[in-house]
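What follows is each chain in one-letter form.
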There are 4 protein chains.
Amino acid sequence: MPTTITKSHISVAQNASGRHLNVPIYEISSQLDGPHVYIQSSIHGSEVQGNVVIYHLVRALKELTIHGKITLVPNCNPVGTNIKAGEYTLGRFDPVNGTNWNRGYYYDEEAVIDFADTVTAQDSIEDIRRAFKAQTLSQIQQKQQQPWGLGLAQQLNLTLQSIACQADIVLDLHNGPVSSRHIYIPEYLAHQATQFSMPHVILIPNHFAGALDEASFCPWWTLSEHLTTRFGRPYYFNIEAYTLEMGSQEIIDFADGETDASSILAYLQHKQCIATVDYQPQDIKRVGVYLKDYKTLFTDFGGMVEYTAKPGQQIKQGDTLAKVLNIDDLDNQYGAQIIQAPCDLIPILHFPSASVLSGTQLYKCFTRYFDID
Amino acid sequence: MPTTITKSHISVAQNASGRHLNVPIYEISSQLDGPHVYIQSSIHGSEVQGNVVIYHLVRALKELTIHGKITLVPNCNPVGTNIKAGEYTLGRFDPVNGTNWNRGYYYDEEAVIDFADTVTAQDSIEDIRRAFKAQTLSQIQQKQQQPWGLGLAQQLNLTLQSIACQADIVLDLHNGPVSSRHIYIPEYLAHQATQFSMPHVILIPNHFAGALDEASFCPWWTLSEHLTTRFGRPYYFNIEAYTLEMGSQEIIDFADGETDASSILAYLQHKQCIATVDYQPQDIKRVGVYLKDYKTLFTDFGGMVEYTAKPGQQIKQGDTLAKVLNIDDLDNQYGAQIIQAPCDLIPILHFPSASVLSGTQLYKCFTRYFDID
Amino acid sequence: MPTTITKSHISVAQNASGRHLNVPIYEISSQLDGPHVYIQSSIHGSEVQGNVVIYHLVRALKELTIHGKITLVPNCNPVGTNIKAGEYTLGRFDPVNGTNWNRGYYYDEEAVIDFADTVTAQDSIEDIRRAFKAQTLSQIQQKQQQPWGLGLAQQLNLTLQSIACQADIVLDLHNGPVSSRHIYIPEYLAHQATQFSMPHVILIPNHFAGALDEASFCPWWTLSEHLTTRFGRPYYFNIEAYTLEMGSQEIIDFADGETDASSILAYLQHKQCIATVDYQPQDIKRVGVYLKDYKTLFTDFGGMVEYTAKPGQQIKQGDTLAKVLNIDDLDNQYGAQIIQAPCDLIPILHFPSASVLSGTQLYKCFTRYFDID
Amino acid sequence: MPTTITKSHISVAQNASGRHLNVPIYEISSQLDGPHVYIQSSIHGSEVQGNVVIYHLVRALKELTIHGKITLVPNCNPVGTNIKAGEYTLGRFDPVNGTNWNRGYYYDEEAVIDFADTVTAQDSIEDIRRAFKAQTLSQIQQKQQQPWGLGLAQQLNLTLQSIACQADIVLDLHNGPVSSRHIYIPEYLAHQATQFSMPHVILIPNHFAGALDEASFCPWWTLSEHLTTRFGRPYYFNIEAYTLEMGSQEIIDFADGETDASSILAYLQHKQCIATVDYQPQDIKRVGVYLKDYKTLFTDFGGMVEYTAKPGQQIKQGDTLAKVLNIDDLDNQYGAQIIQAPCDLIPILHFPSASVLSGTQLYKCFTRYFDID
């Protein structure tokens with residue numbers, strides 16, 4: 001069964017020279033039935049490791065039998081990748097207006113409920129799935145055609161989502177600043193956590209805050225709940241969406257990327273997207289947290305910081321998280337100050353610069369975490 | 001009756017050198033009863049003209065009899081004022097994370113309703129006002145004391161709001177990018193539009209989106225409505241809050257600032273904060289719009305732009321708003337493209353750079369506008 | 001005699017997505033003999049008006065009979081055009097390392113002298129010109145092939161110069177920050193000042209500081225002087241190079257661009273590049289200065305500035321140039337401070353932002369200026 | 001013999017709020033004779049580790065007997081430290097105009113020669129040293145008083161140099177991007193290399209390019225050579241200046257800082273500035289290079305880069321230095337490209353971001369290096 005790769009490009013924006021900014025799209029498919037998988041990387045411009053993961057995925061998938069279709073979209077935000085400010089990439093938000101590149105996807109709860117009301121008891125899961133995908137696409141396209149136009153980040157998001165919304169499985173590859181590998185999983189898919197080789201798992205509720213994973217699963221979750229209530233029996237659509245954080249931003253590592261790709265291949269094998277038994281999730285300890293317990297620690301004072309607690313490390317309440325140098329007090333006891341853990345926690349990521357103003361996000365931490373088996 | 005000026009400073013942040021960033025506070029008061037007025041400027045760092053307005057206000061108020069107290073806080077965001085990126089000031093958002101400096105004020109609708117429920121029919125307006133101010137301050141202070149800390153923009157906003165929330169009148173002085181003079185007025189204060197010398201007036205609903213004017217009037221509007229409903233009679237608290245847009249950013253003009261100050265003094269005189277008859281609103285044509293009809297025009301394509309429609313100009317549907325140069329088509333008819341007005345409108349402000357990506361906010365426009373007399 | 005336009009693109013860089021950044025090249029020529037003219041615009045990314053000038057030049061030249069060849073290169077720095085930092089374009093230097101985009105052109109005085117030594121008394125001007133152009137091109141190409149590579153700004157400059165160095169006339173179109181129209185002319189071409197419609201003229205010596213105009217005329221000036229000395233008779237190569245400052249950056253104005261294009265067409269007509277009598281330099285007052293008397297005024301203190309002196313205005317010693325607001329002294333006489341002209345001068349341009357740190361270039365000024373007739 | 005610490009602050013600039021930006025100065029001295037040592041850190045804002053080194057130096061020196069005086073100036077560029085662009089610090093150059101913060105120090109070779117001509121054969125080394133220091137200070141002060149003012153970076157540099165130029169030993173603490181520890185040593189002090197615990201040593205000639213170390217030693221080197229030539233006997237002034245690169249930027253590490261401080265204390269002990277035998281240079285392998293052989297490798301193409309060669313590693317010609325991902329060619333053999341070492345080399349530092357445009361400085365490398373014993 002031959003595996004076909006096709007490559008195309010779509011324009012997601014025009015720059016100030018009037019040039020199209022294109023995103024490459026790789027599609028790998030066969031004639032065999034199976035789910036449609038959508039994987040994108042680098043919506044935040046400095047989070048580049050996902051591109052290497054897709055590099056390894058393409059190489060591996062070429063040699064495998066695919067069931068269904070896999071769409072891979074590396075470097076999906078060429079604007080964000082190419083804004084330099086000093087040596088680093090200012091990739092998290094539009095430099096013109098501060099808009100986060102990952103907050104303009106489409107979700108309209110009312111439209112989902114309206115749709116749910118049109119479903120009849122006789123409609124098959126497959127029929128509903130097809131009709132709902134068609135409606136979502138049509139609504140996104142309508143939004144794209146506003147006579148007054150749309151902001152750049154939203155235009156970019158909707159162009160990508162018009163592809164992603166047709167998929168059954170959506171993986172959005174990100175990085176943290178200085179970060180452990182971790183994954184965002186919707187609560188209804190908690191049991192899938194062991195299918196990925198990710199030591200840290202954040203379980204998120206059915207709440208839309210603008211990101212692609214939420215935009216992908218919230219509609220189905222909501223639809224499923226409404227139909228279940230209405231018809232008194234469960235509706236499973238088998239739609240899944242995850243955000244995978246592949247370690248730290250501003251790093252390309254081909255060897256790690258191969259491991260990351262294997263983690264995704266193990267999941268795809270489990271979902272029967274590929275016909276092989278070569279890939280297995282790693283036998284690692286996994287720790288989970290509910291989103292409400294995934295907390296940000298802001299610093300109350302500015303200065304120069306050593307991050308003494310490392311991502312993934314278990315920290316006890318009162319332990320030192322960071323040491324702050326105060327250059328005006330080198331001759332007295334305030335020259336170095338300690339920031340302590342407010343409770344037992346695991347730091348998952350920390351700020352990537354040693355210089356911080358007051359109010360900087362020093363750490364994001366798991367609190368009230370639990371083992372996942 | 002002597003007029004006293006006191007000057008103090010509060011720290012609103014610490015920078016990466018560990019130094020306090022201070023904001024100056026000028027207080028002008030007398031023994032005479034009257035409202036408490038709070039005026040701040042430059043929460044967005046490149047919107048500097050309000051500082052000149054406060055300069056002229058201080059000079060004028062020194063010579064006048066004050067009823068009550070006037071608190072003036074120029075340059076209220078020393079972080080935003082001091083982030084240069086190239087020659088211009090990157091003043092609209094935190095350069096670290098893209099957070100708008102004017103979206104982190106506090107408002108909790110539920111807390112207002114809870115408070116409303118504690119009011120009795122016997123409580124005087126004055127008692128309610130005093131108790132509600134005390135509650136708001138206490139809630140802000142509680143928020144400032146979060147054990148995990150707060151982001152820089154929110155810290156800054158709450159520090160300012162802890163002063164502003166004690167005032168009866170709040171004026172937040174801003175500028176647009178390239179902009180006409182215009183004012184945001186809550187709908188319940190529409191009749192006050194003629195007290196300011198502002199040709200363009202945006203009427204805003206009781207909806208909180210994070211800005212200081214909303215944070216200042218939404219609680220009182222909500223409280224008033226609840227009490228009115230509950231007790232079947234009107235409750236007027238005489239609290240007012242406005243955002244004044246003093247023309248274009250990145251410009252200091254002392255002469256214009258004196259005119260702007262006169263406009264504010266006329267309003268203060270009308271509100272009986274100052275004992276004089278010297279100041280009158282200008283006899284100008286005023287045009288109003290509801291917020292929902294104040295629309296942003298985004299461009300669909302990138303390029304280099306001439307803004308042919310000027311702020312304040314009446315434009316007919318189909319008229320040229322902008323001409324976009326396309327450097328790859330200078331030898332054919334696509335070298336210069338026209339952007340037309342989608343309907344009758346008045347452009348109020350336009351983007352300040354000639355180079356735009358697709359999805360840039362070209363213009364903000366009044367549509368379905370009306371005369372205000 | 002038909003006029004032909006050809007359009008091509010050259011890659012001047014690759015971005016972080018690995019994509020080529022292309023520059024459009026328009027060539028307009030006929031079979032008739034005449035000089036080769038090279039015109040580029042926007043080497044500094046926010047200086048965009050030259051692109052409109054080239055737009056109008058292309059339209060006008062299509063209708064005219066060309067003698068020789070005219071190469072037009074708009075938007076010659078697509079990197080610089082597309083670095084946004086806030087709403088404005090950070091176009092003057094590489095955001096990664098601060099390198100000015102207009103300082104990496106090639107000039108090697110020793111190589112010129114070595115070449116001069118190979119010339120014999122019998123060589124015709126035409127032979128020398130051809131041989132010297134060939135040598136310069138070959139040296140630039142050699143520099144481009146360094147095994148350790150070159151910095152981005154220098155790569156960009158050399159790619160453009162490899163075209164420009166073959167021309168007889170080089171015009172580099174720039175803008176100032178907030179600026180009058182002015183022109184840089186090499187001292188040996190001072191008599192050409194009246195051929196342009198530029199009110200302000202800076203005469204520059206035979207000194208290379210990295211810019212394209214210097215890189216274009218310094219070799220010929222040096223060569224000419226050496227041959228003149230050696231052979232005791234004048235050598236005129238009729239090579240000219242100018243930098244034209246088309247007013248203020250961050251502005252596109254199609255009507256002004258047409259006037260600017262007419263000014264250039266008048267010069268081209270005078271140089272017999274085009275066969276027409278339609279274009280004449282404007283009958284304006286011209287003021288000149290030697291480069292050593294074109295002085296930069298830095299501010300000693302930071303604050304918010306009104307630029308009270310306008311570009312082009314004649315200012316007397318002691319007159320007010322700027323007023324600086326000091327937000328910590330609004331209650332005393334230091335609230336507004338005056339910056340005075342240190343001598344009689346004409347401000348040609350001023351800083352485009354109202355917020356300045358100490359040490360900011362407030363103004364560039366003509367001092368000891370003189371009339372040009 | 002009691003050791004005294006005094007702390008003071010000097011203003012090096014004013015920001016856009018009109019506020020002074022102060023630099024702390026710690027002086028540690030006793031009554032005992034000895035050299036004057038000047039140590040500064042963080043002239044480049046993101047190179048912060050030197051501040052921790054000074055923290056440890058102050059703590060250690062308090063307990064020691066000082067001979068002479070030691071002036072420590074941490075965080076000497078509060079402007080550079082506080083320019084954020086995204087999460088990182090844009091600390092290498094003025095964000096307004098691209099000026100490197102470390103290129104505006106003063107050196108005038110002619111003034112040195114003029115001074116040398118005033119020396120007589122009878123003048124003692126001590127007299128010459130005192131007179132020459134006085135002249136240098138006076139010339140710096142004159143430059144600071146220009147009626148037209150000076151640029152911010154130069155103002156900052158001269159303020160610091162007016163202190164440093166009075167010292168006998170100047171240490172300027174820097175960091176590289178991602179970097180090994182290395183040191184710049186003037187060739188005439190090559191024998192001192194073994195007094196520091198720095199594995200990589202760059203020997204620099206008597207050439208001024210604007211940095212503090214050069215500005216500190218070039219005058220004395222030049223003076224010494226002129227006097228030696230003139231009077232036919234050696235003149236040693238015992239003035240030393242070094243730039244120490246304390247590893248990578250954007251990192252604070254207290255433990256490493258203590259080691260770095262010990263390295264400096266060993267040198268100070270060797271120079272008899274402190275009375276102790278506690279500190280010794282580490283017994284490490286040292287490799288040296290002449291500045292002309294310290295080469296920068298630029299990339300010819302843009303993309304996402306893995307830096308496979310690590311700072312300090314010995315690399316053979318043809319070995320892989322970096323792998324570049326090309327996201328448009330993931331389906332063919334150009335998906336990952338190799339950058340090879342052009343000769344045997346040791347990479348000393350590499351670019352800190354994984355995203356590069358063509359023309360980016362990938363690596364700086366020792367070539368033709370040699371052992372130092």
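Each chain carries its own residue numbering, running from 1 in the direction its sequence is written. To label them, take the chains in the order written and letter them from A, then take the ligands in the order written and number them from 1. The model is predicted, so local features are restricted to residues of pLDDT at least 70 and side-chain atom pairs to those at 80 or more, both for listing and for counting; the totals for chains, interfaces and linings are taken over all residues. The side-chain quantities take in all heavy atoms of the structure and omit both hydrogens and water.

Chemist: Explain the interface of chain D and chain A to me, and be specific about the residues and the numbers.
Modeler: Counting from both sides, the interface comprises 49 residues of chain D and, opposite them, 49 residues of chain A. Note: buried area is the sum, over both parts, of the accessible area (probe 1.4 Å) each one loses when the two are combined. Carbon and sulfur atoms supply 62% of the area buried between chain D and chain A, which totals about 4,400 Å² over both sides. Salt-bridge detection follows one rule: a side-chain nitrogen of Lys or Arg within 4 Å of a carboxyl oxygen of Asp or Glu. Our count for the contact surface shared by chain D and chain A stands at four salt bridges. A salt bridge links D:Lys7 to A:Asp331; its shortest N-O distance comes to 3.1 Å. Two residues form a contact once any of their heavy atoms are found within 4.5 Å.

Chemist: Let's hear about the relation of the copies chain D and chain B: which residues, and what values?
Modeler: Copy-to-copy superposition: least squares on the C-alpha atoms, limited to residues that have pLDDT of at least 70 in both copies. Screw-axis analysis of chain D against chain B gives a translation of 0.0 Å along the axis, an RMSD of 0.0 Å, and a rotation angle of 180°. Overall, the copies show the geometry of a two-fold rotation axis. By C-alpha distance to the rotation axis, the residue of chain D lying nearest is D:Ile83, at 3.1 Å. Both copies contact each other with a shared surface, as 100% of the interface residues of chain D are interface residues in chain B too.

Chemist: Account for the pairing of strand β10 (residues 200-204) of chain A, with residues named and values stated.
Modeler: Residue and element names in this part refer to chain A. Each residue is assigned to one of three classes by its accessible area relative to the maximum for its type, calculated with a 1.4 Å probe on protein chains only: buried under 20%, partly exposed between the two thresholds, exposed over 50%. Strands are runs of DSSP state E lasting at least two residues, helices are runs of H or I lasting at least four, and both sets are numbered from the N terminus onward. Within β10, five of the five residues are buried, leaving the element largely enclosed by the surrounding structure. Of the two faces of β10, the one carrying His-200, Ile-202 and Ile-204 and the one carrying Val-201 and Leu-203 are both buried. Only when DSSP finds a minimum of two bridges between them are two strands counted as paired. Relative to strand β12 (residues 286-290), β10 runs parallel, the two sharing four bridges. Residue pairing for β12: Leu-203 is matched across the bridge by Tyr-290.

Chemist: A description of the packing of helix α4 (residues 125-144) of chain B against helix α5 (residues 152-164) of chain B should follow, citing residues and the corresponding values.
Modeler: All names here are of chain B. Interaxial angles span 0 to 180 degrees and are taken between N-to-C directions of axes, which are lines fitted to C-alpha atoms, for helices over the stretch in contact. It is at 10 Å that the axes of α4 and α5 come closest, and there the two elements cross at 155°. It follows from the interaxial angle that α4 and α5 lie roughly antiparallel. The interaxial crossing formed by α4 with α5 has left-handed handedness. From α4, Leu-137, Ile-140, Lys-143 and Gln-144 reach across to α5, where they touch Gln-154, Leu-158, Thr-159, Gln-161 and Ser-162. Looking at side-chain class alone, the contact of α4 with α5 contains three nonpolar, five polar and one charged residues. Angle categories: roughly parallel below 35 degrees, roughly antiparallel above 145, roughly perpendicular from 65 to 115, and oblique for all the rest. Note on convention: near helix rotated counterclockwise from far helix by under a right angle means a left-handed crossing. Clockwise means right-handed. Residues were grouped as follows: Ala, Val, Leu, Ile, Met, Phe, Trp, Tyr, Cys and Pro as nonpolar; Asp, Glu, Lys and Arg as charged; and all remaining residues, including Gly, as polar.

Chemist: How would you sum up the side chain of C:Asp172? Please name residues and give values.
Modeler: Residues and elements named next belong to chain C. Along the chain, Asp-172 turns up in strand β7 (residues 169-176). His residues and chain termini do not enter the charge count, which takes Lys and Arg as positive and Asp and Glu as negative. For the buried Asp-172, which has no salt bridge, the nearest side chain bearing the opposite charge is Arg-103, at an N-O separation of 8.0 Å. Whenever a nitrogen or oxygen atom comes within 3.5 Å of another N or O atom, the pair is scored as a polar contact, on the condition that within protein one atom can donate a hydrogen and the other can accept it, and that pairs from neighbouring residues in sequence are kept only if both atoms are in side chains. Within the local environment of Asp-172, its side chain forms a polar contact with the side chain of His-174, the two groups lying 3.0 Å apart. Excluding residues that lie within four positions of it along the chain, Asp-172 makes contacts with Gln-40, Ile-43, Asn-102, Leu-212, Tyr-242, Thr-243 and Leu-244.

Chemist: So what's going on with the sheet that holds strand β15 (residues 320-325) of chain A? Residues and values would help.
Modeler: Residues and elements named next belong to chain A. Pairing is antiparallel across the open sheet formed by four strands, whose spatial order is β16-β15-β14-β18. Lying at the two open borders of the sheet, with one neighbouring strand each, are β16 (336-340) and β18 (355-356). Here four bridges tie strand β14 (residues 303-307) to β15, and the two strands are oriented antiparallel to one another. In the strand pairing of β15, Val-305 is matched with Val-324.

Chemist: Run through the relation of the copies chain D and chain A, naming residues and quoting values.
Modeler: Structural alignment of chain D on chain A gives an RMSD of 0.0 Å, achieved by rotating through 180° and translating 0.0 Å along the axis. Comparing interface residues between copies, 100% of those in chain D also lie at the interface in chain A; the contact surface is shared.

Chemist: Let's hear about the interface of chain D and chain B: which residues, and what values?
Modeler: If you look at the interface, chain D gives 19 residues, while chain B gives 19 residues. Buried surface at the junction of chain D and chain B, summed over both partners, amounts to about 1,400 Å²; 45% is from carbon and sulfur atoms. For the chain D face of the interface with chain B, the top three residues by lost area are D:Arg19, D:Asn82 and D:Val96, together amounting to 34%. Our count for the chain D to chain B interface comes out at zero salt bridges. On the surface where chain D and chain B come into contact, there are 10 residue pairs in polar contact (both at pLDDT 80 or more).

Chemist: An account of the environment of A:Ser358 is requested, with residue identities and associated values reported.
Modeler: Mapped onto the fold, A:Ser358 is located in the loop between β18 and β19 (361-366). For the pair A:Ser358 and A:Gly302, spaced 56 residues apart in sequence, the C-alpha to C-alpha distance is 4.3 Å. For A:Ser358, the contacting residues outside a window of four places in its chain are A:Thr299, A:Asp300, A:Phe301, A:Gly302, B:Ala13, B:Gln14, B:Leu152 and B:Gln155. From its side chain, A:Ser358 meets the backbone nitrogen of B:Gln14 in a polar contact 2.8 Å long.

Chemist: Tell me about the pattern of salt bridges, residues and numbers included.
Modeler: Going through the model one piece at a time under the given rule, you end up with 57 salt bridges over all chains. A salt bridge links A:Asp328 to B:Arg19; the nearest nitrogen and oxygen atoms lie 2.4 Å apart. You can see A:Asp328 sitting in the loop between β15 and β16 and its partner B:Arg19 sitting in the loop between β1 (4-14) and β2 (20-29), one on each of two chains. With a relative accessible area of 17%, B:Arg19 lands in the buried category.

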